[in-house]
Amino acid sequence: MNLSHRAPHPFFRATFVISTLVFLAGAVSPALADSAPLAPQTKIRLTVVQWMPSKGQFERWDAIGGEYTVSDAGEVSLPFLGPQPVGLDNTSLTNEIAKRLQAKMGLAQAPAVTIDVLDYPSIYVVGDVTAPGQYKFHSGLSVLQSLAMSGGPFRAAAQQQSETIKLAGELQEIDHSLLRSSAKLARLQAEMAGSKEIIFDQPPATDRQYAESLYQEERVIFQARANALDKQSVALVELRNLLTAEIDTLEEKLKGSDDNIQSVEEQLTSVKTLVQKGLTITSRQMDLERLLTTYRSDRLDLVTAIMRGRQAINETTRNLEGLSDTRRSEVASEVQAEKATLDQLKLKRDTTQQLLLEELSNGARANNRGEELPLTFIVSRRDKGQVNQFQASETTELAPGDVVRVRRGNSADAPSEDAAALPVQTQAHVSQASR
């Protein structure tokens with residue numbers, strides 16, 4: 001009976017050992033198998049499991065396990081344990097964490113600890129490369145592979161050719177802008193002078209077809225603006241004539257009103273005499289007085305309407321006379337602005353031409369010198385808080401956080417002082433690489 005009770009213990013122990021070995025074998029990263037310490041800014045996943053004999057199964061310690069990032073000081077801050085240096089190989093680090101947990105928790109047996117590397121610190125490629133910057137690290141990355149990731153060696157001649165094409169395109173666009181501005185200025189000057197046609201400058205032979213299309217557009221605008229001005233003038237003249245005719249009609253009505261008033265006044269005088277003699281009734285006199293008041297009120301309305309009409313005629317005449325002056329003032333402002341634009345375009349064209357000549361000259365010198373110079377690789381690597389530099393070859397394997405400086409020149413060139421002064425922290429590496 002005792003034998004049957006104790007028999008499962010060797011089985012469980014064997015199961016625990018085998019399960020632990022399998023778990024550790026699957027969790028250890030290939031980069032950690034070479035006993036290399038974890039570099040700063042490395043992201044890891046810590047897993048802690050313990051065999052529970054009473055339950056017959058493993059249990060994970062999720063309160064301690066999780067994802068962590070190695071600090072610049074080379075430490076990982078763990079719950080219950082505090083800062084843990086990671087300057088050991090993988091086996092020594094996991095054993096150290098297991099021992100500390102066993103001592104901290106008072107366990108009879110140390111738990112199983114594994115570490116997975118989730119993300120390595122990036123490498124940085126700077127110098128004579130096409131796309132310097134920050135790149136993702138993977139195990140076994142070589143200097144030649146990092147050069148390929150950064151676009152290969154910088155091609156000065158290709159870059160100068162691209163810049164030459166860009167400057168030539170900008171120069172052509174400036175020439176077209178000058179043609180547009182010159183055509184518009186010629187049209188504005190013709191409008192200000194009151195000319196019937198626009199006189200354009202002779203365009204260059206290479207841009208004659210483009211210039212002719214611009215000139216035709218300006219002629220259409222010129223004619224449209226002239227027609228609009230004529231229509232405004234005609235409308236104002238017609239309005240003034242209409243107001244004049246209306247005033248003539250009102251004046252005729254005013255004459256009729258004066259006659260009516262005179263007639264009523266004469267009748268009122270006669271009626272008053274008859275009333276005084278008792279020959280007619282008083283209501284007849286009152287009716288005539290009311291009619292006389294109405295006629296006089298109507299006369300005042302006619303006089304007021306005539307005055308308003310004459311005021312409108314004066315305003316229309318001023319608008320008609322000032323129409324040309326207003327248009328000339330607007331055109332003069334447009335001419336001034338267009339001349340300023342034309343001067344800026346001429347200055348920009350001269351500057352672009354000078355830059356294009358310099359690029360062509362530099363390209364000729366670069367072709368004479370030749371570009372097939374040997375490449376030199378200087379690797380800056382952090383080791384125990386210090387940044388060490390060494391000359392590498394294309395097959396040299398890189399470590400996480402390395403900075404590769406690529407130079408085109410003789411291999412005898414020594415590392416530069418600015419490479420030796422590269423900062424240690426990752427964020428500073430990013431800034432340096434972007435510069």
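All values derive from a computational prediction rather than experimental measurement. (Residues numbered from 1 in each chain as written. Predicted model: local features only at pLDDT ≥ 70, side-chain atom pairs only at ≥ 80, totals over all residues. Heavy atoms only, no water.)

1. Some thoughts on the overall build of the protein chain
What the protein chain contains, in helices and strands, is nine helices and eleven strands. Within the protein chain, buried positions represent 32% of all 435 residues. Expressed as a percentage of contacts within the protein chain between residues at least 6 apart in sequence, the contacts between residues at least 24 apart total 65%. Here the protein chain has roughly 26700 Å² of accessible surface; of this, 52% comes from carbon and sulfur atoms. (Helix = DSSP H or I, 4+ residues; strand = E, 2+ residues; numbered from the N terminus. Buried < 20%, exposed > 50% of the residue type's maximum accessible area, 1.4 Å probe, protein only. Contact = heavy atoms within 4.5 Å. Areas by Shrake-Rupley, 256 points an atom, 1.4 Å probe, with all protein chains shown as cover.)

2. Describing the sheet that holds strand 7 (residues 123–127)
In spatial order, the strands read 8-7-11-9-10; together these five strands make up an open sheet with mixed pairing. Only two strands of the sheet have a single partner each, and these edge strands are strand 8 (133–135) and strand 10 (386–392). Taken over all neighbouring pairs, the strand axes of this sheet differ in orientation by 25° on average, direction set aside. (Pairing = 2+ DSSP bridges. Axes fitted to C-alpha atoms, helices over the stretch in contact; angles between N-to-C directions.)

3. Quick word on the pattern of salt bridges
Side chains that carry opposite charge are capable of pairing whenever their charged atoms lie near each other. What the rule picks out here adds up to 16 salt bridges. Of the charged contacts, one joins Arg187 and Glu218 as a salt bridge, the two residues approaching to 2.8 Å between their closest N and O atoms. Taken as a pair, Arg187 in helix 5 (residues 156–193) and Glu218 in helix 6 (residues 208–277) lie far apart in primary sequence, 31 residues in all. For Arg187, a relative accessible area of 5% translates into the label buried. Using a relative accessible area of 11% as the deciding quantity, one classes Glu218 as buried. One network of salt bridges, in which partners are shared, links Arg187, Glu191, Glu218, Arg225 and Glu334. (Salt bridge = Lys/Arg side-chain N within 4 Å of Asp/Glu carboxyl O.)

4. Here we look at helix 6
Spanning 70 residues, helix 6 covers 103 Å between terminal C-alpha atoms, matching the ideal 104 Å at 1.5 Å per step. Positive backbone phi, at 80°, marks Gly278, one or two positions downstream of helix 6. (Expected span 1.5 Å × (residues − 1).)

5. A closer look at the environment of Glu170
Its location among the elements puts Glu170 in helix 5. Glu170 gets classed as partly exposed once you look at its relative accessible area, which sits at 34%. Distance in space between the C-alpha atoms of Glu170 and Arg349 is 8.7 Å, their sequence separation being 179 residues.

6. Thoughts on the side chain of Thr94
Within the secondary structure, Thr94 sits in helix 3 (residues 90–105). On the accessibility criterion, Thr94 (10% relative accessible area) is buried. Thr94 has contacts with Val113, Thr114 and Ile115, leaving out every residue within four places of it along the chain.

7. Looking at the nonpolar core
One finds Leu46, Ile97, Leu101 and Leu398 to be the most contacted residues of the largest nonpolar core, which totals 34 residues. Contributions of two or more residues to this core are made by strand 1 (43–52), strand 4 (75–78), helix 3, strand 6 (112–119), strand 7, helix 4 (143–149), strand 9 (375–383) and strand 11 (403–408). By residue number, the principal contributor to this core is helix 3, which donates four residues. If sequence neighbours within four positions are ignored, Leu101 has contacts with Val48, Trp61, Ile64, Leu81, Gly106, Leu107, Pro111 and Val113. By size, the runner-up hydrophobic cluster in this structure holds ten residues, among which are Leu179, Ala186, Leu214 and Tyr215. (Core = buried A, V, L, I, M, F, W, Y, C linked by side-chain atoms within 4.5 Å.)

8. Things to note about the pairing of strand 7
Along strand 7, four of the five residues are buried, which leaves the element largely enclosed by surrounding structure. Pairing between strand 7 and strand 8: three bridges, direction antiparallel. Bridging across to strand 8, Val125 finds its partner in Gly133. Of the pairings in the sheet, the one linking strand 7 to strand 11 comprises four bridges and is parallel in character. By the bridge assignment, Val126 is partnered in strand 11 with Arg405.

9. Describing the confidence of the model for the protein chain
Averaged over all residues, the pLDDT of the protein chain equals 78, while 81% of them reach at least 70. Per-element confidence in the protein chain is highest for strand 8, whose mean pLDDT is 90, and lowest for helix 1 (residues 2–6), whose mean pLDDT is 35. Contacts of residues 1–34 to residues separated by more than four positions or lying in other chains number 27 contacts, the stretch itself having pLDDT below 50. Overall, residues 411–435 carries pLDDT values under 50, and its contacts beyond four positions in sequence, including any with other chains, amount to 42 contacts. (pLDDT = per-residue confidence, 0-100.)

10. A word on the environment of Val271
Structurally, Val271 can be placed in helix 6. Each C-alpha atom of the pair Val271 and Ile281 lies 8.9 Å from the other, and the pair is ten residues apart in sequence.

11. Points about empty space enclosed by the protein
Across all of its chains, the model carries two cavities of 30 Å³ or more by this definition. Looking at the largest cavity, its volume works out to about 50 Å³. Lining the largest cavity are Ile44, Leu46, Tyr68, Val76, Leu78, Gln84, Val86, Leu93, Ile97 and Ile115. Counting only elements with at least two residues in the lining of the largest cavity, the list comes to strand 1, strand 4 and helix 3. A class-by-class count of the residues in the lining of the largest cavity yields nine nonpolar, one polar and no charged. (1 Å grid on protein atoms, 1.4 Å probe; cavity = no way out; pocket = protein on both sides within 12 Å on 5 of 7 lines; lining within 4 Å. Points joined across faces, edges and corners; volume = space filled by probe spheres on them. Nonpolar A, V, L, I, M, F, W, Y, C, P; charged D, E, K, R; others polar.)

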